[in-house]
Amino acid sequence: MPSYALLKQKGLDAMPIYSDSVNAQLWVKRKKCKTTLERNEKSEALFQLIERAEKWLRENSYQNPIIKWPTEEWGEIPADFGRKH
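Along each chain, residue indices are assigned from 1 in the same order as the chain's sequence is written. Local features in this predicted model are restricted to residues whose pLDDT is 70 or higher, and side-chain atom pairs enter the listing and the counts only when it is 80 or higher, whereas totals over whole chains, interfaces and linings include all residues. With hydrogens and water excluded, all non-hydrogen atoms of the structure serve as input to the side-chain values.

### With respect to the overall build of the chain
Consideration 1: Only DSSP runs of H or I reaching four residues or more are called helices, and only runs of E reaching two or more are called strands; each is numbered from the N terminus. Summing up its helical and strand segments, the chain has four helices and two strands in all.
Consideration 2: Helices (α) and strands (β) of the chain occur, in sequence order from the N terminus, as α-β-α-α-β-α.
Consideration 3: Taken along the three principal axes of its C-alpha coordinates, the chain extends 40 × 35 × 20 Å.
Consideration 4: For the chain, the proportion of its 85 residues judged to be buried stands at 21%. Summary of the burial criterion: residues with accessible area below 20% of their type's maximum are buried, those above 50% are exposed, and those between are partly exposed, where the area comes from a 1.4 Å probe applied to protein chains only.

Structure, rendered in structure tokens:
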């Protein structure tokens, strides 16, 4: 997972990671992406990134807590940049 890898590289292994996605939190916890996306020529590059992230999660330790972003209280997560409707 790029966030964990970057934080670990920068020595920020205790910094919390906020996510409004329960699915993303489960993927990290299980170290496995569960997707219904069909693997085909168009999606192959994405699946390769997913496999790379899963491998990193399996092979590395990390202590950063994943905290549920309280959307109702704080509003839309800034990382979404207005993409949600």
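Now that the structure has been shown, we can carry on.
### Comments concerning the side chain of S19
Consideration 1: Here S19 is to be found in strand 1 (residues 17-19).
Consideration 2: The class for S19 is buried, based on a relative accessible area of 14%.
Consideration 3: Nitrogen and oxygen atoms within 3.5 Å of one another constitute a polar contact, given that in protein one can donate a hydrogen and the other can accept it, and given that sequence-neighbouring residues count only through two side-chain atoms. Within the structure, the side chain of S19 is placed 3.1 Å from the backbone nitrogen of S21, a separation counted as a polar contact.
Consideration 4: Any two residues having at least one pair of non-hydrogen atoms within 4.5 Å are treated as being in contact. In this structure S19 touches A24, Q25, I66, I67, K68, W69 and I77, once residues within four positions along its chain are discounted.

### A word on the packing of aromatic side chains
Given two aromatic rings, their pairing is described by the distance between the two centres and the angle made by the two planes.
Consideration 1: Two rings from Phe, Tyr or Trp (for Trp, the six-membered ring) form a pair when their centres are within 6.5 Å of each other. A pair whose planes differ by under 30 degrees is stacked, one over 60 is edge-to-face, and the rest are tilted. Scanning the entire structure with this criterion turns up four aromatic pairs.
Consideration 2: On the basis of an interplanar angle of 90 degrees and a centroid distance of 5.8 Å, the ring pair of Y18 and W69 is categorised as edge-to-face. Residue Y18 is found in strand 1, and its partner W69 is found in the loop between strand 2 (66-68) and helix 4 (71-74); the two are separated by 51 residues along the sequence.
Consideration 3: Between Y18 and W74 the ring centres are 5.7 Å apart and the planes differ by 55 degrees, which places this aromatic pair in the tilted class. Taken together, the residues span a long stretch of sequence, with Y18 in strand 1 and W74 in helix 4 at a distance of 56 residues.

### Description of a nonpolar patch on the surface
Consideration 1: Taken together, the side chains of Y18, I67 and W74 make up a nonpolar region of the molecular surface, amounting to roughly 280 Å² of accessible area.
Consideration 2: When its relative accessible area of 43% is taken as the criterion, W74 is described as partly exposed. Each patch is built from salt-bridge-free residues with over 30% relative accessible area, joining like charges within 9 Å and nonpolar side chains (Val, Leu, Ile, Met, Phe, Trp, Tyr) within 5 Å. Note on areas: these come from Shrake-Rupley sampling with a 1.4 Å probe, and a residue is covered only by the protein chains present in the view. For this document, the term salt bridge refers to a Lys or Arg side-chain nitrogen within 4 Å of an Asp or Glu carboxyl oxygen.

### A few points about the pattern of salt bridges
Consideration 1: For the structure shown, the criterion picks out four salt bridges.
Consideration 2: Between E51 and R39 there is a salt bridge whose closest N-O contact spans 2.7 Å. With E51 in helix 3 (residues 44-59) and R39 in the loop between helix 2 (22-30) and helix 3, this residue pair connects regions lying 12 residues apart in the sequence.
Consideration 3: On the accessibility criterion, E51 (39% relative accessible area) is partly exposed.

### A look at the confidence of the model for the chain
Consideration 1: Taken residue by residue, the chain gives an average pLDDT of 87. The fraction at 70 or more is 91%.
Consideration 2: Confidence of the predictor at the level of single residues is captured by pLDDT, which takes values from 0 to 100. By mean pLDDT, the top-scoring element of the chain is helix 3 (94), and the lowest-scoring one is helix 1 (residues 2-9) (81).

### Some points on the nonpolar core
Consideration 1: By nonpolar core is meant a set of buried Ala, Val, Leu, Ile, Met, Phe, Trp, Tyr and Cys residues that side-chain atoms within 4.5 Å join together. Formed by Y4, L7, I17, V28, W56 and L57, the largest nonpolar core amounts to six residues.
Consideration 2: Broken down by secondary-structure element, the contributors of at least two residues to this core are helix 1 and helix 3.

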